[in-house]
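Fold and contact review
In case you want the letters, here they are:
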Amino acid sequence: MENKRTRIVAGNWKMNTTYEEGKDLAQAVMDRLQPSQVKVVLAAPYTHLRIIHNMIHGVNNLFLGAQNCHESDSGAFTGEISAAMLQSTGVQYVILGHSERLEYFHESDELVAAKIDQVLRHGMIPIFCCGEKLEVREKEEHLQLVASQVTNGLSHLSQEDFSKIVVAYEPVWAIGTGKNASPKQAQDMHAHIRKTLAGHFGNDLAQKTSILYGGSVKSSNAGELFSQPDVDGGLVGGASLNAEEFVKIVTGD
Ligand code: 13P
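A brief structural summary. These numbers come from a predicted model, not from an experiment.

Looking only at helices and strands, the protein chain features 12 helices and eight strands. Taken against the 2.2 N^0.38 rule, which gives 18 Å for 253 residues, the C-alpha radius of gyration of the protein chain at 17 Å falls within 12% of a compact globule. Structurally, the protein chain occupies a C-alpha span of about 45 × 45 × 35 Å along its principal axes. In the protein chain, which comprises 253 residues, the share counted as buried stands at 52%. Summed over all atoms, the accessible surface of the protein chain reaches about 11,700 Å², with 51% contributed by carbon and sulfur. In the protein chain, 22 side chains carry a positive charge and 30 a negative one; their mean positions are 4 Å apart.

Here it is, written out as C-alpha cells:
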C-alpha cells in the first residue's frame, strides 16, 4: 500500500553558486518543474534567500530552505544568522545537524537540539539530519549511533512540535563520494529511525514523519531509493546544482 506521507526532495546547494548563478539555477529549476505532489525545497546560501523567495513565491510545490541557523534569538554573534532573520526572508525549511556542520564546525547533538527549538519557534520546518561515518558502520554500530542522534536531537520535543519535523538520513560515507547507500541499506536504516521515533512519539506520528535519504543521490539511483517503503524522498547535494538532473530526481524520470 502506498503510504500517505508527504514526499519531499530538497536540494542542498551547500557553499556553491554566486548570486547570479544561484538565480539562474532557481530559474532553471522553475522552468523545468511540473506541478506535482512532491514538495521541492531549494536550500540556497543565505545571500540568495530573498531573491529566490521572490522568484518562487506562489509556485505551488516549491519551497525555500536554509542550511543552518544560530541557536540564539539575536545578539553579539558576529557573522551568524538567526532564525528570525531566516523567517523574515521567507525561509520555510532549515537543514540542521548536517554532518558537515558536525565535522567542520564541531556542532554537538545538544546544539542541534537547541537550533531545532529556535527554528520551530519561528514557524519554520527543521530538516533534521542524522547518519553514521564509515568506521561506525564497519564496527556495526550504525543502528545504535543513529538512534542516539535521533534521541538526542528530537526526543525533547512535544508531540505537536515533533509532528512538524522532517528527518534526513545521510550516511557520511555516501556524501559526495558517488557511493550511495544501497536501497536495502537505506530502507533498513529508515525503518530503524521510524521505530526509534515511534518509541518516543508513538507509532501514529512516526508513521506520518517524512524521512529523506541523502548521499550521492542522482537520477539513476533516485527511483529505486525513493521507492523503498520507508524512504519518503531525498536530500540532494551535488546533483541539485544541475537543474535538469535535479528535476529528473524529483520527477523520477
Ligand atoms: P551529495 O548528494 O553531494 O552526496 O550530498 C548529500 C548531502 O550532503 C545533502 O545534504
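What follows deals with the pairing of strand β4 (residues 93-96). With burial as the criterion, each face of β4 is covered, one bearing Y93 and I95 and the other bearing V94 and L96. By the bridge criterion, two bridges tie strand β3 (residues 62-66) to β4 in an arrangement that is parallel. For A66, the partnering residue across the bridge sits in β4 and is V94. In this region the chain leaves β3, passes through helix α3 (residues 83-89) and returns to the parallel neighbour β4; the handedness of that crossover is right-handed. With four bridges connecting them, β4 and strand β5 (residues 125-130) associate as parallel partners. Residue pairing across strands places Y93 opposite I125, the latter belonging to β5.

Before going further, it helps to spend a moment on the pairing of β5. The buried count for β5 comes to five of six residues, which makes it a mostly enclosed element. In this sheet, strand β6 (residues 166-169) lies alongside β5 in parallel orientation, the contact comprising four bridges. Across the sheet, C130 pairs through a bridge with Y169, a residue of β6.

Time to look at the packing of aromatic side chains. Any pair of aromatic rings gets described here by the distance separating the centres and the angle formed by the planes. Counted according to the given criterion, the structure contains three aromatic pairs. For the pair F63 and Y93, a centre-to-centre distance of 5.9 Å together with 75° between the ring planes defines the contact as edge-to-face. Here the residue F63 occupies a position in strand β3, and Y93 occupies one in strand β4, the gap between them amounting to 30 residues. Cation over ring: R101 sits above F105, and NZ or CZ is 4.0 Å from the ring centre.

Next up on the list: the sheet that holds β3. The strand order β1-β2-β3-β4-β5-β6-β7-β8 describes a closed barrel built from eight strands, whose pairing is parallel. The sheet shows a mean angle of 25° between the axes of neighbouring strands, direction not considered. One ladder, built from four bridges, connects strand β2 (residues 39-43) with β3; its direction is parallel. From the neighbouring strand, V41 faces β3, where its bridge partner is F63. Strands in contact with helix α2 (residues 49-56) are β2 and β3; relative to β3, the strand with the most contacts, it is inclined by about 170°.

Right, let's talk about the site of the ligand for a bit. Around the ligand there are 13 residues in total, and H98, E170, G176, S216 and G238 lie nearest to it. Note that an oxygen atom of the ligand is positioned 2.9 Å from one of the backbone N or O atoms of G237. Within the complex, the protein chains bury 95% of what would otherwise be the 310 Å² of accessible surface of the ligand. Looking at the shell around the ligand residue by residue, the classes come out as four nonpolar, seven polar and two charged.

A separate point is helix α11 (residues 219-226). Those residues of α11 that fall on the buried side of the exposure criterion are N221, A222, L225 and F226. Buried residues in α11, looked at end-on, bunch into an arc of 120°, giving them a common side. Across from the buried face of α11, at angles greater than 90 degrees, the exposed residues are S220 and E224. Along its buried surface, α11 packs onto β1 (8-12), α9 (183-201), β7 (211-214), β8 (233-236) and α12 (243-251).

What counts, and at which threshold
- Residues numbered from 1 in each chain as written.
- Predicted model: local features only at pLDDT ≥ 70, side-chain atom pairs only at ≥ 80, totals over all residues.
- Heavy atoms only, no water.
- Helix = DSSP H or I, 4+ residues; strand = E, 2+ residues; numbered from the N terminus.
- Rg over C-alpha atoms; globule rule 2.2 N^0.38 Å.
- Buried < 20%, exposed > 50% of the residue type's maximum accessible area, 1.4 Å probe, protein only.
- Areas by Shrake-Rupley, 256 points an atom, 1.4 Å probe, with all protein chains shown as cover.
- Lys, Arg positive; Asp, Glu negative; His and termini not counted.
- Charge placed at Lys NZ, Arg CZ, Asp CG, Glu CD.
- Pairing = 2+ DSSP bridges.
- Right-handed = clockwise from strand over helix to strand, strands pointing away.
- Phe/Tyr/Trp six-rings, centres within 6.5 Å; stacked < 30°, edge-to-face > 60°.
- Lys NZ or Arg CZ within 6 Å of the ring centre and 35° of its normal.
- Axes fitted to C-alpha atoms, helices over the stretch in contact; angles between N-to-C directions.
- Contact = heavy atoms within 4.5 Å.
- Near = heavy atom within 4 Å.
- Polar contact = N/O pair within 3.5 Å; in protein donor to acceptor, adjacent residues only side chain to side chain.
- Nonpolar A, V, L, I, M, F, W, Y, C, P; charged D, E, K, R; others polar.
- Arc of directions from axis to C-beta.

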